[in-house]
Every structure is written in structure tokens, then in C-alpha cells.
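Take a look at the letters that make up each chain.
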Amino acid sequence: MSKKKLIDDTINYLKYYRDYNKYQIYADEIRDVTEYPVFTVKDVTSSTDTEEIQKKEYNPPEVIIPQKVKVISETEKMNDEWKSSSTLVQFEDLIKNCSKCIALAGTRNQVVFGLGKLAADVVIVGEASGADEDIQGKPFVGKAGILLTDILKAINFTREEVYICNILKCRPPDNRNPLPDEIVNCEPYLFRQLEMIKPKLILAVGAFAAQTLLRTKEPLGKLRGKFHLYNGVKMMVTYHPAALLRNPNWKRPTWEDVQLFRKEYDFLVKS
Ligand code: SF4
């Protein structure tokens, strides 16, 4: 291996490691950092180097894997009032200026807290706001929102009788996926919302919602079509309406999932 190649690899590795530290990604997601190749000094030294040095094997430095860390700003430490809010309206008011995720707080128009019946039997949990939601301050109001309304209508629910919210209360720029540390920052708000609403059933749409609530990395295809338990509440997982707009083939399995969801709801309400 040439000296230049070694230097380039080292610089790339350092940048890679720096970025992981910056975002404080879960430890198990950076396991591959330790799997870089072992370089030998012989590969990079010139013919003038001593034989002794050439024989020595290069030992990579120990890699310290960052632990999953909840990032709490100084402002947040001082203001944990939202935890004791007694109504959702008060709760929303207390977090409307949240800036735990610096990038999101700097690019969003507003926090999109959630919308619907305050003591709803059914809560729909999605991923994050898009452009329309960010402008209107309401969840699921773009094309995917219209489709969600149609899906609910097809199983005899109106938007007014359910509660709709997301894992992230702010719009990720360019509709990128939520970052792990952003989920860590925002999920306590969702957990508290669910605690306050006390739904009978939860419908998680999309992999991020399902994986966050169930603390799993199982793909959506394996999670959908059956009921899970979130803190004792039955939860169905299905495709996100935005995914259905991209891939209409998923409409049939979604239809099967939501029909089951409705049947379970009717059963719970009657019993
Ligand atoms: S995504 Fe959630 S935690 Fe992050 S800034 Fe927005 S409201 Fe705060």
C-alpha cells in the first residue's frame, strides 16, 4: 500500500469517526468502525527504513465507542415543566420553542405537536412533519395526510375522533429520515402524549414509528399485520401513507392491516 493511500484512509477514518461522535449515534450502529483493516508498517515505509521497523505490525488504537447519550441543552435542563403538564394544550405550549435538536429548530417553521380528540381511543403515530405540516402546524395534511384520512374513512373513523401525532415534532430538512439522536430527543414527548391520552389502540404507520415504540430494529414487513403491545396498549403496525403513494402494491396489505385494526377496536369497545 502506498504512503498516500494510507494517509487518505487515515484522514477518511478520522472524519468518519468525528461525524459519528458529532451525532452521538447508538453504539451498536457504529460497530463497523472497529472493522477497518490492520495496516503493517512494511507496507508504507521506504526501502531505507530499518528491517526491525519493517517487521513490526501496526496496532490500531483502541476505538472508544460513544454510548447512547440523551442530549439535553442547558435550557432544557432548566425547564422540565412539560413533564408535569396536566393537559395536552399546556404541554404543547411548553414545548413549542423546543430547541433540543439544533438543526431542526433552526430550519422548521413550527413544532407540530399533534391533533385530534384529546382523550381519543385511537392514536395514529407517524414519522415527522413534511413541508405542508410544517407550514400549517398540523400533522398529516399533505398528500400522505389526505390518503391517511381516506384510509381512516374506509374503516369508519373520522380524523376528529382519533388523535394523530409523529415521532418527531419538527420537520427534518429536505424530508430526510430522522437521525437517531433526534429520535432520542423527541420521543419523551410522544411517550408523555400517549400517557396522557391513554388510547385503547395505537396504529403505528411506517418503520420509524413502529421501531421507536417497540424498541426494535425488525423491518416493517415483519412487524405489520399483527398486534404488538406498547406499555400494555395494543398496537398495529402498517405502511406509512407516503410509502403507499410511492408503492401502490402496499395498499392491499395496508387494507388488510387496518381492517384487522377496526375489528379489534370494535371488540375492545364492546367488551
Ligand atoms: S424534533 Fe422534538 S426534540 Fe427536536 S427540536 Fe423538535 S420538538 Fe425539540
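Residues numbered from 1 in each chain as written. Predicted model: local features only at pLDDT ≥ 70, side-chain atom pairs only at ≥ 80, totals over all residues.

### Considering the overall build of the chain
- A count of helical and extended segments in the chain gives 13 helices and six strands.
- The burial tally for the chain puts 31% of its 271 residues in the buried class.
- For the chain, restricting intrachain contacts to residue pairs at least 6 apart in sequence, the fraction spanning at least 24 positions comes to 68%. (Helix = DSSP H or I, 4+ residues; strand = E, 2+ residues; numbered from the N terminus. Buried ≥ 20, exposed ≤ 12 C-beta atoms within 10 Å, placed from the backbone. Contact = placed C-beta atoms within 7 Å.)

### Notes on the site of the ligand
- Every one of the 14 residues lining the ligand counts as a neighbour, but Cys98, Cys101, Lys169, Cys170 and Cys186 are closest to it.
- Element by element, the count of residues in the shell around the ligand is highest for helix H9 (residues 180-197), at three residues.
- Residue composition of the shell around the ligand, grouped by class: nine nonpolar, two polar and three charged. (Near = placed C-beta within 6 Å. Nonpolar A, V, L, I, M, F, W, Y, C, P; charged D, E, K, R; others polar.)

### Re the environment of Arg171
- Turning to its location among the elements, Arg171 is positioned in the loop between strand E3 (163-166) and H9.
- By the C-beta count within 10 Å, which is 24 here, Arg171 ends up buried.
- Residues Arg171 and Thr107 lie 64 residues apart in sequence; the distance between their C-alpha atoms is 7.9 Å.
- Arg171 has contacts with Arg108, Ala128, Ser129, Gly130, Glu133 and Asp134, leaving out every residue within four places of it along the chain.

### Re the nonpolar core
- Counting 54 residues, the largest nonpolar core has Val123, Val125, Ile167, Leu203 and Ala204 as its most contacted members.
- In terms of residue count, the dominant contributor to this core is H9 (seven residues).
- Ignoring sequence-local partners within four residues, the contact set of Val125 consists of Cys165, Asn166, Ile167, Leu190, Ile202, Ala204, Ala209 and Leu213. (Core = buried A, V, L, I, M, F, W, Y, C linked by C-beta atoms within 7 Å.)

### Things to note about the sheet that holds strand E4 (residues 201-205)
- Spatial ordering of the open sheet is given by E1-E3-E2-E4-E6-E5, a layout of six strands whose pairing is mixed. On the outer flanks of this sheet lie strand E1 (115-116) and strand E5 (227-230), each paired with one strand and no other.
- By the bridge criterion, two bridges tie E1 to E3 in an arrangement that is antiparallel. Within E3, the residue paired with Gly116 across the bridge is Tyr163.
- The sheet contacts of helix H10 (residues 207-214) involve strand E2 (122-126), E4, E5 and strand E6 (233-238), and relative to E4 the element is tilted by about 130 degrees. (Pairing = 2+ DSSP bridges. Axes fitted to C-alpha atoms, helices over the stretch in contact; angles between N-to-C directions.)

### Comments concerning helix H13 (residues 251-270)
- Over its 20 residues, H13 extends 29 Å from the first C-alpha to the last, a length consistent with the 28 Å expected when each residue adds 1.5 Å.
- Thr254, Asp257, Phe261 and Tyr265 are the residues of H13 that are buried. Buried residues of H13 fall within an arc of 80 degrees about the axis and therefore sit on the same side. Seen from the open side of H13, the exposed residues pointing more than 90 degrees away from its buried face are Arg252, Gln259, Lys263, Asp266, Phe267 and Lys270.
- Where the residues of H13 are buried, they touch E2, E4, E6 and helix H12 (241-246). (Expected span 1.5 Å × (residues − 1). Arc of directions from axis to C-beta.)

### What about unusual backbone geometry?
- Look at Asp174: it is not a glycine, yet its phi comes out positive at around 55 degrees.
- Its place among the elements puts Asp174 in the loop between E3 and H9.
- Overall, Asp174 belongs to the exposed group, with 7 C-beta atoms counted inside 10 Å.
- Look at Asn175: it is not a glycine, yet its phi comes out positive at around 55 degrees.
- As for its position among the elements, Asn175 is in the loop between E3 and H9.
- A residue is classified by how many C-beta atoms lie within 10 Å of it, and Asn175, with 13 of them, is partly exposed.

### Some details on H10
- The buried count for H10 comes to six of eight residues, which makes it a mostly enclosed element.
- Those residues of H10 that are buried lie in contact with E2, H9, E4, helix H11 (220-223), E5 and E6.
- With its phi angle positive at about 55 degrees, Arg215 sits one or two positions after the end of H10.

### Some thoughts on the environment of Tyr189
- The topology assignment puts Tyr189 in helix H9.
- Residues Tyr189 and Lys83 lie 106 residues apart in sequence; the distance between their C-alpha atoms is 8.5 Å.
- Each residue touching Tyr189, except ones within four places of it in the same chain, is listed here: Ile95 and Lys169.

### Some remarks on the pairing of E4
- Most of E4 sits inside the fold, with five of its five residues counted as buried.
- Neither face of E4 is open: one carries Leu201, Leu203 and Val205, the other Ile202 and Ala204, and all of them are buried.
- Relative to E4, E2 runs parallel, the two sharing four bridges. Bridging across to E4, Ile124 finds its partner in Leu203.
- In terms of strand pairing, E4 meets E6 through five bridges, oriented parallel. Within E6, the residue paired with Ile202 across the bridge is Met235.

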